[in-house]
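# Structure assessment
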Amino acid sequence: MKVLIVEDEKALRTPMRKFLEKRNFSVEEAEDGATALSLVATETYDCILLDLNLPEIDGITVAKKIREESHTPIIMVTARSQVYNKLEGFEAGTDDYITKPFDLNELVARIDALIRRSSTNKEVELRFGKGLLDVNKNVISIGRKEVLLSNKETALLEYFIRNKGRVISAEELLEHIWGRDVDMFSDTVKTHIKTLRSKIDPKKNLIKTIRGKGYLYE
Ligand code: CA
């Protein structure tokens, strides 16, 4: 199990890491939001411990941005006074919280519970044409061949599979997969669909372009 600790205070980060490593977690650390986001973009974690009170990009913003990319369970680490931040945190998509100062055994219990919950609740394999998409691993296997997808390509494909038979506009894809911050007139969707097709659907048999309307997966 791989855990990311996002915490600016080394004096807290280090004992957390050591304790978790003793319990056989593999641990990575980020001392600010920007580092956390770049790690989350390239690595897959089973759980993220997120301090809300971070310099520069605050924890709530970090949580929202992580949620645009992944479903990885997030435990907020809050100070005693931050009651309202907890609510904001849940709205931002975090799954649990722990208040400082906390018992490290309790932290491990919460991580275990959350990982168990997320792995039993989530349907990880989705059928796509003759292939099988593993949403957690970003891999589609077609027979013995495995094709690695990016986070966004996986999210796109998952969205198509879950909305089979319905024409989906580029705007809808932008809103669901990239969030509202993206420029609505950009070529983001087109570019990602192009790379996705080149990997798994070069003949455009599965994801069809419906001129002027969007895309259709059948
Ligand atoms: Ca802090």
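Residues numbered from 1 in each chain as written. Predicted model: local features only at pLDDT ≥ 70, side-chain atom pairs only at ≥ 80, totals over all residues. Heavy atoms only, no water.

Another aspect to go through is the pairing of strand S12 (residues 214-217). When strand S10 (residues 167-168) meets S12, the two strands line up antiparallel, connected through two bridges. Pairing of Val 167 across the sheet is with Leu 216, part of S12. Across four bridges, the pairing between strand S11 (residues 207-210) and S12 is antiparallel. Across the sheet, Thr 209 pairs through a bridge with Tyr 215, a residue of S12. Between S11 and S12, which follow one another and run antiparallel, lie three residues, and Gly 212 among them has a positive phi close to 80°. (Pairing = 2+ DSSP bridges. Helix = DSSP H or I, 4+ residues; strand = E, 2+ residues; numbered from the N terminus.)

In this structure, Asp 8 (OD), Asp 51 (OD) and Asn 53 (O) serve as the protein donors to the calcium ion, at separations of 2.2 to 2.4 Å. In terms of primary sequence, the donors binding the calcium ion are separated according to D-x42-D-x1-N. Residue class for Asp 51 comes out buried when judged on its relative accessible area of 1%. (Donors = N, O, S within 2.8 Å, 3.2 Å for Na, K, Ca; no water. Buried < 20%, exposed > 50% of the residue type's maximum accessible area, 1.4 Å probe, protein only.)

A separate point is the packing of aromatic side chains. Applying the stated criterion across every chain yields a total of three aromatic pairs. On the numbers, 5.3 Å between centres and 25° between planes, the contact of Phe 128 with Tyr 217 is stacked. Residue Phe 128 is found in strand S6 (residues 125-128), and its partner Tyr 217 is found in strand S12; the two are separated by 89 residues along the sequence. Comparing Phe 128 with Tyr 217 shows no difference in burial state: the two are buried. Considering the side-chain rings of Phe 160 and Tyr 215, the 6.4 Å spacing of their centres and the 75° angle between planes classify their relative orientation as edge-to-face. (Phe/Tyr/Trp six-rings, centres within 6.5 Å; stacked < 30°, edge-to-face > 60°.)

A contiguous nonpolar patch, built from Val 83, Tyr 84 and Leu 87 and spanning about 360 Å² of accessible area, is present on the exposed surface. Inspection of the secondary structure assignment puts Tyr 84 in helix H4 (residues 83-91). For Tyr 84, a relative accessible area of 67% translates into the label exposed. (Patch = residues over 30% accessible without salt bridge, like charges linked within 9 Å, V, L, I, M, F, W, Y side chains within 5 Å. Areas by Shrake-Rupley, 256 points an atom, 1.4 Å probe, with all protein chains shown as cover. Salt bridge = Lys/Arg side-chain N within 4 Å of Asp/Glu carboxyl O.)

This paragraph deals with the domain arrangement of the protein. Split into domains, the protein comes out as domain 1 (2-118) and domain 2 (125-217). Facing seven residues of domain 1, the contacting portion of domain 2 comprises seven residues. Across the interface of domain 1 and domain 2, roughly 480 Å² is buried in total on both sides, 24% from carbon and sulfur atoms. Between the two partners, domain 1 and domain 2, sit zero salt bridges. Our count for the domain 1 to domain 2 interface comes out at one residue pair in polar contact (both at pLDDT 80 or more). At the level of secondary structure, the elements contributing two or more residues to the side of domain 1 that touches domain 2 comprise helix H2 (33-42) and helix H3 (59-69). For the side of domain 1 that touches domain 2, the element with the highest residue contribution is H3, accounting for three residues. (Domains from an automatic or database assignment. Contact = heavy atoms within 4.5 Å. Buried area = accessible area lost by both parts, 1.4 Å probe. Polar contact = N/O pair within 3.5 Å; in protein donor to acceptor, adjacent residues only side chain to side chain.)

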